[in-house]
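# Structural characterization, general
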Amino acid sequence: MKHIHLFSLAVAALLAASCSDISYEDRLVEEEVGPIVPTTGESRTVLIEDFTGQNCPNCPTATTVVENLEHFYSGHVVAVGIHSGMLGMGTPLFTKEGQEYFLKLGNENLPQPAVRVNRIGEPLCGGPEVQNRLPELVHTYAAQTTPVKISDFTGTVSESDANTYDVNFNISTTQSLDALVQVWVTENDFISWQKMPDGSRNREFRHNNIFRTTLTPIDGDAVSLTEGTAAACHYSLAINNAWTAANMYVVVIVSSKDGEMLQVKRFPLVNA
């Protein structure tokens, strides 16, 4: 339990440092405690779904915690910022698909930020709750393994349309199972306004992990995975004129039919 406490302190230090002039890389305090991840078997990457909004003053606090965890667990945490709910409606980053995912949480009046980890349990709501509880949850889930591997991603410009990318990847497993595959598209480094904790509006806020669209139905595509055989998946992504392809990522989520998150991976769309 001591290492979890130390890690919570480390994240708190990261959060405090985020408001200073210290560079992002220098905020790490890995000498205090390192990420606890499996050394054998396929590590189950942690999925953080951050239901956020540009009109949400508590959301930047949660965003800072999420991004610091993502950086600390480099490659073992995938975060998606889903602009939705009452505090996301009518803003530039709101999407109807994101709203559908928000409504699936079961409460259209759920306080934001609402942060869910690996789709287990109730979301953490409010900046303080995210700050206090999210690090321990991520620490716990990062130690898990999974039978599912997502690999061999390619994103290539379509020969028929320069604004369309052909997206391909493989899913393999060490045990046969029926699964659901969701393919999301996110964007980093997008500058737009954000309401801040002091009530002001930061018009130069850098938004990362923005949910842009889904390439699959809301609940995903059904796929039967066979032990020892890779399932090849193919999708097409049309780039919106407001997006920057070089800042886009493809997030692949594989879950069981009963909703258990089995694996998630994020791949850069360009130069993967």
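Residues numbered from 1 in each chain as written. Predicted model: local features only at pLDDT ≥ 70, side-chain atom pairs only at ≥ 80, totals over all residues. Heavy atoms only, no water.

## Here's the deal with the pairing of strand β10 (residues 190-195)
- Two strands pair when backbone bridges link them, and β10 and strand β11 (residues 201-207) are joined in this way by 5 bridges, in the antiparallel orientation. Bridging from a neighbouring strand, Lys-195 pairs with Arg-201 of β11.
- Counted between consecutive antiparallel strands, the loop separating β10 from β11 contains 5 residues, among which Gly-199 sits at a positive phi close to 90 degrees. (Pairing = 2+ DSSP bridges. Helix = DSSP H or I, 4+ residues; strand = E, 2+ residues; numbered from the N terminus.)

## Section: helix α4 (residues 127-141)
- Taking 1.5 Å per residue as the helical rise, α4 with its 15 residues ought to reach 21 Å, and the 21 Å between its terminal C-alpha atoms agrees with that figure.
- Along α4, the sharpest change in direction is near 40 degrees and occurs at Arg-133; proline Pro-135 comes one to four residues later. (Expected span 1.5 Å × (residues − 1). Bend = angle between axes of the 7 residues up to and from the residue.)

## Comments concerning the pattern of salt bridges
- With the rule as written, the count across this model stands at 9 salt bridges.
- As a salt-bridge pair, Glu-97 and Lys-96 come within 3.5 Å of each other at their nearest N and O atoms.
- Close ionic contact of Arg-133 with Glu-129 constitutes a salt bridge, the shortest N to O distance being 3.0 Å. On the criterion of helical spacing, the pair formed by Arg-133 and Glu-129 is a turn pair, its members being 4 residues apart in helix α4.
- Residue classification places Arg-133 among the partly exposed residues on the basis of a relative accessible area of 43%.
- For Glu-129, a relative accessible area of 28% gives the class partly exposed. (Salt bridge = Lys/Arg side-chain N within 4 Å of Asp/Glu carboxyl O. Buried < 20%, exposed > 50% of the residue type's maximum accessible area, 1.4 Å probe, protein only.)

## Structural notes on the environment of Val-37
- Examined against the element boundaries, Val-37 turns out to sit in the loop between α1 (2-17) and β1 (42-43).
- Separated by 36 residues in the primary sequence, Val-37 and Tyr-73 place their C-alpha atoms 8.7 Å from one another.
- In this structure Val-37 touches Tyr-73, His-76 and Ala-142, once residues within four positions along its chain are discounted. (Contact = heavy atoms within 4.5 Å.)

## Side note on the packing of aromatic side chains
- Scanning all chains against the criterion turns up 7 aromatic pairs.
- With 6.1 Å between their ring centres and 15 degrees between their planes, Phe-169 and Tyr-235 make a pair best called stacked. One end of the pair, Phe-169, is in strand β8 (residues 164-173); the other, Tyr-235, is in strand β14 (residues 231-238), and 66 residues separate them in sequence. An identical accessibility class is assigned to Phe-169 and Tyr-235; each is buried. (Phe/Tyr/Trp six-rings, centres within 6.5 Å; stacked < 30°, edge-to-face > 60°.)

Note that all results are geometric; they support no functional claim without further evidence.
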